[in-house]
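The primary structure of each chain is shown beneath.
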Amino acid sequence: MSVGQELLDVPFPEMVASMGQGIADAQNQLDMNSVKVAKVLAETEIEVVPAITRTITADGEVEYSSADAIDVSLIQAGMFPTFYQFSEATIEVEMDIKTTTERETSIDVSAGAKFGYGLWSARVDIDVSHNRKFGKEVHGTSKLKTTMVPVPEPPYLFPEVLTVDNRPSPDE
């Protein structure tokens, strides 16, 4: 198998699809968590003094008076849940492929001769062997990286607060 084929066999489309589905599932869980926090903040009440009046008297003394405390939800007091969204997703794939081929040829030559009684003989022995070794190492790493950022709460999740002042004006 060639190096190019090894790179083509990396299941990149499946990695992208899995990452996308994972981000969608995580985004849903983040949104549902923010909704749960919003419900808790809406249901939890605290006592708040809505106004403190500072009066400087004619002789220069400063007097303070406060309005009666009222119960308000944490949302009414200005605490809002944080919403997040994934702003970036990155997939990095690295692959190192190393192939090796070794050839080894071994030749053994030996010769021998015999003489005796008017006869002689000779021999030559040749032993040839070939070895071929293939090696392959594949190292791969992948890295999935996501970035989340806080975003403003949905605009219609919290109503706009209008103040109507029905007190008579000082001129009346």
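As a reminder, the structure under discussion sits directly above these lines.
Note that this is a predicted model, so its numbers are computed, not measured.

Peer 1: Quick question: what am I supposed to make of the nonpolar core here?
Peer 2: A general feature of soluble globular proteins is that nonpolar side chains tend to end up buried together. Counting residues in each nonpolar core, the largest one holds five residues, listed as M15, M19, I23, F86 and I91. When contributions to this core are tallied by element, the ones reaching two or more residues are α2 (12-43) and β5 (83-116). When residues in this core are grouped by element, the largest group, three residues, is from α2.

Peer 1: Even after reading the chapter, I still don't get the side chain of S73, so can you show me in this structure?
Peer 2: Assignment of secondary structure puts S73 in strand β4 (residues 70-73). Judged by relative accessible area, S73 falls into the buried class, the value being 7%. Excluding residues that lie within four positions of it along the chain, S73 makes contacts with L41, A42, T44 and E45.

Peer 1: How should I be thinking about the pairing of strand β2 (residues 52-56) in this particular structure?
Peer 2: Along any regular strand the residues' side chains alternate between the sheet's two faces. Burial analysis of β2 places just zero of its five residues in the buried class, which makes it a mostly uncovered element. In this sheet, strand β3 (residues 62-66) lies alongside β2 in antiparallel orientation, the contact comprising five bridges. Its bridge partner lying in β3, I52 is registered against S66. Hairpin connection between β2 and β3: a loop of five residues separates the two successive antiparallel strands, and G60 in this loop has a positive phi of roughly 90°.

So, how was this worked out
Residues numbered from 1 in each chain as written. Predicted model: local features only at pLDDT ≥ 70, side-chain atom pairs only at ≥ 80, totals over all residues. Heavy atoms only, no water. Core = buried A, V, L, I, M, F, W, Y, C linked by side-chain atoms within 4.5 Å. Buried < 20%, exposed > 50% of the residue type's maximum accessible area, 1.4 Å probe, protein only. Helix = DSSP H or I, 4+ residues; strand = E, 2+ residues; numbered from the N terminus. Contact = heavy atoms within 4.5 Å. Pairing = 2+ DSSP bridges.

The quantities given are spatial measurements derived from coordinates; they are silent on function.
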